[in-house]
Amino acid sequence: MTDKRLPELAKHLKRELMPNHVAIIMDGNGRWAKSRGRPRVYGHRCGADSVRAVVEAADQLGIKVLSLYAFSEENWGRPSHEVLAIMTLLNTYLLKEREELKANNVQLRVMGRIERLPEKSRKLLRETQEFLGECTGLVLNIALSYGGRSEIVDACRSVARRVQSGELALQDINADVVAGAMYNCDLPTPDLLIRTSGEQRLSNFMLWQMAYTEFYFTEVHWPDFRKDQLVKALYEYTRRQRRFGVLAEDIDAAFKADEAVADDLTLTAECHD
Ligand code: FPP
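Residues numbered from 1 in each chain as written. Predicted model: local features only at pLDDT ≥ 70, side-chain atom pairs only at ≥ 80, totals over all residues.

1. Here's the deal with the overall build of the chain
(1) Moving on: A count of helices and strands for the chain gives ten helices and six strands.
(2) Moving on: In the chain, buried positions account for 33% of the 273 residues. (Helix = DSSP H or I, 4+ residues; strand = E, 2+ residues; numbered from the N terminus. Buried ≥ 20, exposed ≤ 12 C-beta atoms within 10 Å, placed from the backbone.)

2. Regarding the pairing of strand E2 (residues 65-72)
(1) Moving on: Within E2, eight of the eight residues are buried, which leaves the element mostly enclosed by the surrounding structure.
(2) Moving on: As paired elements, strand E1 (residues 21-25) and E2 share five bridges and run parallel to each other. Considered in E2, the bridge of His21 is made with Val65.
(3) Moving on: The pairing of E2 with strand E4 (residues 139-146) spans seven bridges and is parallel. Bridging across to E4, Ser72 finds its partner in Tyr146. (Pairing = 2+ DSSP bridges.)

3. So, the nonpolar core
(1) Moving on: Formed by 53 residues in total, the largest nonpolar core has its most connected members in Leu66, Leu68, Tyr69, Ala70 and Ala143.
(2) Moving on: Not counting chain neighbours up to four residues away, the residues in contact with Ala143 comprise Ser67, Leu68, Tyr69, Ala70, Met111, Gly112 and Phe205. (Core = buried A, V, L, I, M, F, W, Y, C linked by C-beta atoms within 7 Å. Contact = placed C-beta atoms within 7 Å.)

4. Comments concerning helix H6 (residues 148-164)
An α-helical segment advances 3.6 residues per turn. Residues three or four places apart therefore align on the same side.
(1) Moving on: With 17 residues, H6 extends 24 Å from end C-alpha to end C-alpha; this agrees with the ideal 24 Å at 1.5 Å per step.
(2) Moving on: Directly after H6, the chain includes Gly166, whose backbone phi takes a positive value near 90°. (Expected span 1.5 Å × (residues − 1).)

5. Here we look at the site of the ligand
(1) Moving on: Around the ligand sit 18 residues in total, of which Asn29, Gly30, Arg31, Gly47 and Tyr93 are the nearest.
(2) Moving on: At the level of elements, helix H2 (29-34), helix H3 (40-60), E2 and helix H4 (80-103) are the ones that each hand at least two residues to the shell around the ligand.
(3) Moving on: Broken down by class, the residue content of the shell around the ligand amounts to ten nonpolar, six polar and two charged. (Near = placed C-beta within 6 Å. Nonpolar A, V, L, I, M, F, W, Y, C, P; charged D, E, K, R; others polar.)

6. Observations regarding helix H5 (residues 119-131)
(1) Moving on: Relative to the 18 Å expected for 13 residues at 1.5 Å per residue, H5 spans 18 Å between its end C-alpha atoms, a close match to the ideal helical length.
(2) Moving on: Every buried residue belonging to H5 is among Ser121, Leu124, Leu125 and Thr128, and all of these are buried. Down the axis of H5, the sector holding all buried residues measures 100°, keeping them to one side. Turned more than 90 degrees away from the buried face of H5, the exposed residues are Glu119, Arg126 and Glu130. (Arc of directions from axis to C-beta.)

7. Re the sheet that holds E2
(1) Moving on: Across the sheet, six strands lie side by side as E3-E4-E2-E1-E5-E6; this open sheet has parallel pairing. A strand with exactly one partner marks an edge of an open sheet, and here the two such strands are strand E3 (107-111) and strand E6 (214-217). The sheet shows a mean angle of 20° between the axes of neighbouring strands, direction not considered.
(2) Moving on: Pairing analysis gives five bridges linking E3 to E4, with the strands arranged parallel. Following the sheet pairing, Val110 is matched in E4 by Ile142. (Axes fitted to C-alpha atoms, helices over the stretch in contact; angles between N-to-C directions.)

8. As for the packing of H4 against H5
(1) Moving on: The interhelical angle for the contact between H4 and H5, taken along N-to-C directions, is 10°, at an axis separation of 10 Å. The pairing of H4 with H5 is recorded here as roughly parallel in orientation. On H5, the residues touching Met87, Leu90, Asn91, Leu94, Leu95, Arg98 and Lys102 of H4 are Lys120, Ser121, Leu124, Leu125, Thr128 and Phe131.
(2) Moving on: In terms of residue class, the contact of H4 with H5 is built from seven nonpolar, three polar and three charged. (Parallel < 35°, antiparallel > 145°, perpendicular 65-115°, else oblique.)

9. Some remarks on the environment of Ala57
(1) Moving on: Considering the arrangement of structural elements, one finds Ala57 in helix H3.
(2) Moving on: If near-sequence neighbours (up to four positions away) are discounted, Ala57 is found in contact with Lys227 and Leu230.

10. Some details on the packing of H3 against H4
(1) Moving on: Interhelical geometry of H3 versus H4 gives an angle of 25° and a closest axis separation of 10 Å. When the axes of H3 and H4 are compared, the pair comes out roughly parallel. In this structure, H3 meets H4 at a crossing whose hand is right-handed. Side by side, H3 and H4 meet where Arg40, Val41, His44, Arg45, Ala48, Val51 and Arg52 of the first sit next to Glu82, Ala85, Ile86, Leu89, Tyr93 and Glu97 of the second.
(2) Moving on: Classifying every residue of the contact of H3 with H4 by side-chain character gives seven nonpolar, one polar and five charged. (Left-handed = near helix turned anticlockwise from the far one by under 90°.)

11. Observations regarding the confidence of the model for the chain
Predicted coordinates in areas of low pLDDT are best not read in detail.
(1) Moving on: Residues with a pLDDT of 70 or more make up 86% of the chain, whose mean pLDDT is 90.
(2) Moving on: A low-confidence stretch, residues 260-273 (pLDDT under 50), is modelled with 16 contacts involving residues beyond four sequence positions or located in other chains. (pLDDT = per-residue confidence, 0-100.)

Written out as structure tokens, the structure reads:
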């Protein structure tokens, strides 16, 4: 299967097997830029174009929630000009994409220690959320100044406060109570995690929520990750579900009938990742 045939793959995605929530660790902007002899921030700029493309594609493909790891708590340790460049790209994205997001009925959520972001970014996030307030479609959940362990710490604090105030008994703390204290806890947990650029680790992303998430790793750097790559990841996910034997027999039978096509479309040796 060559990359030229990737667009065809979208036609073979089975709606009933698609993930509701896709989470993405957008990695490799720096390496992508370096390989072109360009500064790291150029990679982030092109990475922002991938954000645009992937949000649009996820919406078209019927994904319900898209969580993007845009800036980790650890990322504050990067050189200040790089932090500033990422915040500026975020601001530009919010300003430029608002109308388009609204036209596509996209909702905006954020998670992380947002209070650490520059005032301008916080203001733009607030305004964009208000602007998209009536939207009911795809939930775009952006992780900013986010750390999975910090999220769990914040959840522990909030549960402890409820115990301290007498609202909650110690013996009533269970997984549901803890889950209910996580950021954006009304969203479903991710079905699929995609990480670009070859690294195969979680890097402190949605640790609690990823307990049963399927992982998909690709060598493709984030600035090269567009709709075709997303479709490929989704296709792999739908196949993987079948392999784990979790599907109803009728769905499995339908899949078998389609096997010749599916096998033909399996993306392995010929594809660049
Ligand atoms: C990881 O690549 C990427 C980031 C830390 C920043 C991601 C930011 C954007 C895609 C742009 C702005 C965001 C939005 C939502 C519009 P890296 O720099 O760690 O790459 P490397 O591992 O190759 O160095």
